[in-house]
Amino acid sequence: MSSTPITKETYLEWYKSMLLMRKFEEKAGQLYGQQKIRGFCHLYIGQEAVMAGTISATRPEDSVITSYRDHAHALAKGMSANECMAELFGKATGCSKGKGGSMHFFSKEHKMMGGHGIVGGQIPLGAGIAFAEQYLGTDNVNVCFMGDGAVRQGALNEAFNMAMLWKLPVIFVCENNGYAMGTSVKRTTNMMDIYKMGHAFDMPSAPVDGMDPVAVHNAMDEAVQRARAGEGPTFLEIRTYRYKGHSMSDPAKYRTKEELEEYKGKDPLITTKAAIMENKYADEAWFKEVEAEVKKVVDDAVKFAEESPYPDPSAIYEDVYVQEDYPFIKE
């Protein structure tokens, strides 16, 4: 039974937040094509229900850590579109002061503990953050996201073992979008049910429909309750799908058009809108208003990013060590 009930307001917030994630990512892809955004860029289009359901089942004090596909996680945790877009542009006003780019969004204030470029590198870090919360005596939890490719890293086994041994308040989430870069799950494992990996550690584990925010919310809520009660971690395999390639340089020729269209029929924005209309939570006028609001937020973010300054070269020596007068060798 969900401790955080799903209400009319939940559905409306889901739609608004998912629409912002979608439109932000679509604009990022467009700007990348114009070479206004450089470097790596991994879009989240299609996977929005995962973060929508996660946020409705957690608290602002709960932290999130993820991989390099991190734009939507940052927006969902409350970071502004302005600071996120500016970071994509490499500007000083970005959430990581222009030094992180697409893969390294971070906000201490919003408990967004970063996107991480090393595959699977965030898994032991998520366990460590949970250990810190336990040590400090809070009832906050960490939600640690990874892709289906990252579960092949040895660090996962070490982190799972430690988390279960110490009953850490961490929820490990595999966002299984079917492909590790261009390699299908079928080609990487003999066991297609990734969630069963948790069973080796007696960790409560389950598959979840990642195209449905209701399913994500309910599974996440149960895991959060366990973690807050001191009962330890949970491993969720949230089965989702990305409509774009692994990154902007990936044409995604390894999958069929039929497969893509099948999942587009499960688009969480379409199904959530249908549920809102069916329950008479809102009318078409509301949707048009939300679409206009989101468009303005994204457009304003682009304007903010374009008008922001680049970091001064001297900033390379800032935010590296806590010690402000650290004696860098500069010659």
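Just so it is clear, the structure is predicted and the values come from calculations on it, not from any experiment.

About the thresholds
- Residues numbered from 1 in each chain as written.
- Predicted model: local features only at pLDDT ≥ 70, side-chain atom pairs only at ≥ 80, totals over all residues.
- Heavy atoms only, no water.
- Patch = residues over 30% accessible without salt bridge, like charges linked within 9 Å, V, L, I, M, F, W, Y side chains within 5 Å.
- Areas by Shrake-Rupley, 256 points an atom, 1.4 Å probe, with all protein chains shown as cover.
- Salt bridge = Lys/Arg side-chain N within 4 Å of Asp/Glu carboxyl O.
- Helix = DSSP H or I, 4+ residues; strand = E, 2+ residues; numbered from the N terminus.
- Buried < 20%, exposed > 50% of the residue type's maximum accessible area, 1.4 Å probe, protein only.
- Axes fitted to C-alpha atoms, helices over the stretch in contact; angles between N-to-C directions.
- Parallel < 35°, antiparallel > 145°, perpendicular 65-115°, else oblique.
- Left-handed = near helix turned anticlockwise from the far one by under 90°.
- Contact = heavy atoms within 4.5 Å.
- Nonpolar A, V, L, I, M, F, W, Y, C, P; charged D, E, K, R; others polar.
- Core = buried A, V, L, I, M, F, W, Y, C linked by side-chain atoms within 4.5 Å.
- UniProt positions renumbered as here; feature names shortened; annotations may be inferred.
- Phe/Tyr/Trp six-rings, centres within 6.5 Å; stacked < 30°, edge-to-face > 60°.
- Lys NZ or Arg CZ within 6 Å of the ring centre and 35° of its normal.
- Pairing = 2+ DSSP bridges.

Novice: Can you lay out a nonpolar patch on the surface for me, pointing to particular residues and giving the numbers?
Specialist: On the surface, F131, Y135, L136, M162, L165 and W166 cluster together into a nonpolar patch covering about 710 Å² of accessible area. The element that contributes the greatest number of residues to the nonpolar patch is helix α5 (residues 122-136), accounting for three residues. Looking at the secondary structure, you find Y135 in helix α5. Classification of Y135 by relative accessible area gives exposed; the value is 67%.

Novice: If you had to explain the packing of helix α2 (residues 48-57) against helix α7 (residues 213-228) to someone new, which residues and values would you point to?
Specialist: Two numbers describe how α2 lies on α7: the axes approach to 8 Å, and their chain directions differ by 40°. With respect to α7, the element α2 is oriented oblique. Two packed elements cross with a definite hand, and for α2 against α7 that hand is right-handed. Seen from α2, the contacting residues are A49, V50, A52, G53, T54, S56 and A57; seen from α7, they are P213, V216, H217, M220, D221 and V224. Broken down by class, the residue content of the contact of α2 with α7 amounts to eight nonpolar, four polar and one charged.

Novice: Residue-level account of the nonpolar core, with values.
Specialist: Y15, M85, I171, M220 and I238 are the most contacted members of the largest nonpolar core, which has 68 residues in total. Ignoring any residue separated from it by four or fewer positions in sequence, one finds I171 in contact with V141, N142, V143, C144, M220, A223, V224, T234 and L236. Ranked by size, the runner-up nonpolar core spans 24 residues in total, among them I65, C144, A150 and F235.

Novice: Kindly report on the environment of A150, identifying the contributing residues and their values.
Specialist: For A150, the location among the structural elements is in the loop between β3 (142-147) and α6 (154-165). Apart from residues lying up to four places away in sequence, A150 is in contact with V119, G120 and I123.

Novice: Pulling in residues and values, what's your account of the pattern of salt bridges?
Specialist: Considering all chains together, one arrives at 19 salt bridges under this definition. For R22, the salt bridge is made with D267, and the minimal N-O distance between the two is 3.0 Å. A residue pair is termed long-range when its members are at least 10 positions apart, and R22 in helix α1 (residues 8-33) and D267 in the loop between α8 (257-264) and α9 (268-278) qualify at 245 residues.

Novice: Residues and numbers for the UniProt feature "domain: Dehydrogenase E1 component" (unreviewed entry) in the protein chain, please.
Specialist: As annotated by UniProt and renumbered to match this structure, "domain: Dehydrogenase E1 component" (unreviewed entry) occupies residues 17-313. The distance separating the terminal C-alpha atoms of residues 17-313 is 36 Å; by composition the span is 43% helix and 12% strand.

Novice: Which residues make up the packing of aromatic side chains, and what values do they have?
Specialist: For the structure on display, the rule yields 17 aromatic pairs. A centroid spacing of 6.1 Å and a plane angle of 35° characterise the contact between F131 and Y135, whose relative ring orientation is tilted. Here Y135 and F131 lie together in helix α5, a separation of four residues that amounts to about one turn. Ring geometry for Y241 and Y243: centres 6.3 Å apart, planes at 50°, overall tilted. Each member of the pair Y241 and Y243 is classed as buried. Among the aromatic residues, ring-to-ring pairing joins F160, F172, F201 and F235 into one connected group. Lying over the aromatic face of Y317, K330 brings its terminal NZ or CZ to 4.5 Å of the ring centre.

Novice: Tell me about α2, and please be specific about residues and values.
Specialist: Counting buried positions along α2 yields eight of ten residues, so the element is predominantly enclosed. Those residues of α2 lying buried are E48, A49, V50, M51, A52, G53, T54 and A57.

Novice: Explain the sheet that holds strand β7 (residues 205-209) residue by residue, including any values.
Specialist: Spatially, β2-β1-β3-β4-β8-β7 is the arrangement adopted by the six strands of the open sheet, whose pairing is parallel. The open sheet has two edge strands with one neighbour each: β2 (112-115) and β7. On average, each strand axis in the sheet is inclined to that of its neighbour by 20°, with strand direction left out of account. Taken together, the five bridges between β7 and strand β8 (residues 234-239) define a ladder with parallel strand orientation. From the neighbouring strand, D209 faces β8, where its bridge partner is R239.

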